Amino acid sequence: MAMAAPPVTLGVDLGTTSVKAALVEAAPGDPSGFVVLASCVRATRAEAAAQSSAAAPQAREQDVNRIIQALNECLAALPQQELRKVCSIGVSGQMHGVMFWKTGQGCEWTEGGAAPGFEPRAVSQLVTWQDGRCSPGFLASLPQPESHLSVATGFGCATIFWLLKNSPEFLKSYDAAGTIHDYVVAMLCGLPRPLMSDQNAASWGYFNTQSQTWNVEILRASGFPVHLLPDIAQPTSVAGRTSHVWFEIPKGTQVGVALGDFQASVYSCMAQRTDAGLEVEESTVYSRMIQAAAQQTDTCLTITPTVLGERHLPDQLASVTRISSSDLSLGHVTRALCRGIVQNLHSMLPFQQLQEWGVERVVSSGSALSRNEVLKQEVQRAYPFPVYFGQDVDAAVGAALVMFQGNLKQKEP
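Draft legend 1. Main features of the pairing of strand E22 (residues 361-365). With 4 of its 5 residues buried, E22 lies for the most part within the structure. Pairing of E22 with strand E23 (residues 387-389) involves 3 bridges; the strand directions are parallel. Bridge pairing in E23 links Val363 to Tyr388.

Below, the structure is given as structure tokens:
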């Protein structure tokens, strides 16, 4: 009797600068219990001018059509015979951001061709987590949330408040909202209303993680369009099933509720309760700079790289100190920049605190760390634990594993 084919899960991550996809297959003989059959990364190049002139120049928006085009390119590049075996799909993406669409008109499916898929239709651009249109004064004017998180610029609810004040007609054009990955899940499943995990809801602001509810009364009292708030679902739950054949993936395939990219990245490589997760995403440091810094093992130059501030310290901007003529080479500057990035992380989560919590290993992920040897060195310098470095498609693999593990649990007696 022929053995049943191992289940294959597709993981997709919709990042700030790229889309990643990975096919994961059960492998009982492997220590991890799975293997990555194939993966793909495509740059989105989706930056776009703001749809509201009042938001410029602090606005950071992306063209949803280009993001979905990159997603389609990833699916087309994966082995089509493996896509036919996919039994579940996990999706993750950049948190905090918000986009809008018209229910029932958010996309158009193309069927019967070589690669059945969907294209965006009645959608807005994506306002990303990097958006800076909400000034400190504007944020101070907003109602106090009932949440463990304060509201910052780039958070979905803050952006909607800004649009309500500055572009109210814009909001009247749409009746659904979510992150870019919530949108993809809604389109794949044909959902009448978007679903959002508590991870992404918390990243929008005005969400109480203890009661698992939006601050509806607080928002409604301020005139917030609460009908745009997605329904909430657990991160490991199934959002629905594919309503069409998607490339070679069969119609009726399970799709999970969209996850945050940080959580998915950490999930992909956390093996023990005593592991600590560290993610550094989207490197903009080029290979020549990294090579120069690798040869420059130390520097007195100090760079604080917080050009946009931090959400908890928005006025703490970037600085360069201890400048001398001997420390101005490309190697010195790049080494100091990488050190500054890691020291900024360390200031928020020190080594000593991890020790007190019983952490025994640091598990790192994100494209910056996977591609940058100097950042790896600085992480090891700041955190004298054993350090495990993940791969460039960690979030996509993590999104797949959440669905993969969920399916295994369903099969257990």
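Draft legend 2. Main features of the nonpolar core. Residues Leu10, Leu14, Leu71, Phe118, Tyr183 and Trp246 are the most contacted members of the largest nonpolar core, which totals 48 residues. If you list the elements that add at least two residues to this core, you get strand E1 (8-14), strand E2 (18-26), strand E3 (34-43), helix H1 (64-77), strand E6 (86-93), strand E7 (99-101), strand E8 (107-110) and helix H6 (180-189). A per-element tally of this core places H6 first, with 8 residues. Not counting chain neighbours up to four residues away, the residues in contact with Trp246 comprise Leu10, Leu71, Asn72, Leu75, Ile89, Trp109, Pro116, Gly117, Phe118 and Leu188. Of all hydrophobic cores here, the second largest spans 32 residues; its members include Leu142, Leu163, Tyr174 and Ala177.

Draft legend 3. Quick look at the packing of aromatic side chains. Applying the stated criterion across every chain, the model contains 12 aromatic pairs. Taken together, a centroid distance of 5.3 Å and an interplanar angle of 75 degrees make the contact between Phe207 and Trp214 edge-to-face. Each member of the pair, Phe207 together with Trp214, is buried. Taken together, the aromatic side chains of Trp101, Trp109, Phe118 and Tyr183 make up a single cluster linked through ring pairs. For the cation-ring pair, Arg133 lies above Trp162, with the distance from its terminal atom to the ring centre recorded as 4.9 Å.

Draft legend 4. Up close: a nonpolar patch on the surface. Where nonpolar side chains cluster on the molecular surface, the patch consists of Val320, Ile323 and Leu328 and spans about 290 Å² of accessible area. Checked against the element boundaries, Ile323 lands in the loop between strand E21 (319-321) and helix H11 (330-348). The class for Ile323 is exposed, based on a relative accessible area of 53%.

Draft legend 5. Structural view of the environment of Leu369. By the element assignment, Leu369 lies in helix H13 (residues 367-371). Separated by 10 residues in the primary sequence, Leu369 and Val379 have C-alpha atoms spaced 9.1 Å apart.

Draft legend 6. Structural detail: the packing of helix H10 (residues 287-295) against H11. Contact pair H10 / H11: the axes reach a minimum separation of 7 Å and the direction vectors enclose 95 degrees. Compared by their axis directions, H10 and H11 come out roughly perpendicular. Judged by residue contacts, Arg288, Met289, Ile290, Ala292, Ala293 and Ala294 of H10 engage Leu330, Gly331, Thr334 and Arg335 from H11. In terms of residue class, the contact of H10 with H11 is made up of 6 nonpolar, 2 polar and 2 charged.

Draft legend 7. Just H6, in detail. Taking burial as the measure, the 10 residues of H6 include 10 buried ones, the bulk of the element. Among the residues of H6, Ile180, His181, Asp182, Tyr183, Val184, Val185, Ala186, Met187, Leu188 and Cys189 are the ones counted as buried. Looking at the residues trailing H6, positive phi occurs at Gly190, about 65 degrees.

Draft legend 8. Geometry of the side chain of Asn200. Here Asn200 lies in helix H7 (residues 198-204). When neighbours within four sequence positions are excluded, Asn200 is seen to be in contact with Met95, Thr179, His181, Asp182, Ala258, Leu259 and Gly260.

Draft legend 9. Seen up close, the pattern of salt bridges. Overall, the coordinates contain 14 salt bridges when judged by the stated rule. Across the pair Arg133 and Glu61 runs a salt bridge whose closest N-O atoms are separated by 2.7 Å. You can see Arg133 sitting in the loop between strand E10 (126-127) and helix H3 (136-140) and its partner Glu61 sitting in strand E5 (residues 61-62), a full 72 residues away along the chain. Residue Asp298 pairs with Arg339 through a salt bridge whose shortest N-O separation is 2.9 Å. Of the two residues, Asp298 is situated in the loop between H10 and strand E20 (302-304) and Arg339 in helix H11; the sequence distance between them amounts to 41 residues. Residue classification places Arg339 among the buried residues on the basis of a relative accessible area of 11%.

Draft legend 10. Molecular detail of the sheet that holds E5. One open sheet accounts for 3 strands, arranged E4-E5-E10; its pairing is antiparallel. Looking at which strands have only one partner, the edges of the open sheet turn out to be strand E4 (47-48) and E10. Pairing geometry for E4 and E5, over 2 bridges, is antiparallel. Bridge pairing in E5 places Glu47 opposite Gln62.

Conventions and cut-offs
Residues numbered from 1 in each chain as written. Predicted model: local features only at pLDDT ≥ 70, side-chain atom pairs only at ≥ 80, totals over all residues. Heavy atoms only, no water. Buried < 20%, exposed > 50% of the residue type's maximum accessible area, 1.4 Å probe, protein only. Helix = DSSP H or I, 4+ residues; strand = E, 2+ residues; numbered from the N terminus. Pairing = 2+ DSSP bridges. Core = buried A, V, L, I, M, F, W, Y, C linked by side-chain atoms within 4.5 Å. Contact = heavy atoms within 4.5 Å. Phe/Tyr/Trp six-rings, centres within 6.5 Å; stacked < 30°, edge-to-face > 60°. Lys NZ or Arg CZ within 6 Å of the ring centre and 35° of its normal. Patch = residues over 30% accessible without salt bridge, like charges linked within 9 Å, V, L, I, M, F, W, Y side chains within 5 Å. Areas by Shrake-Rupley, 256 points an atom, 1.4 Å probe, with all protein chains shown as cover. Salt bridge = Lys/Arg side-chain N within 4 Å of Asp/Glu carboxyl O. Axes fitted to C-alpha atoms, helices over the stretch in contact; angles between N-to-C directions. Parallel < 35°, antiparallel > 145°, perpendicular 65-115°, else oblique. Nonpolar A, V, L, I, M, F, W, Y, C, P; charged D, E, K, R; others polar.

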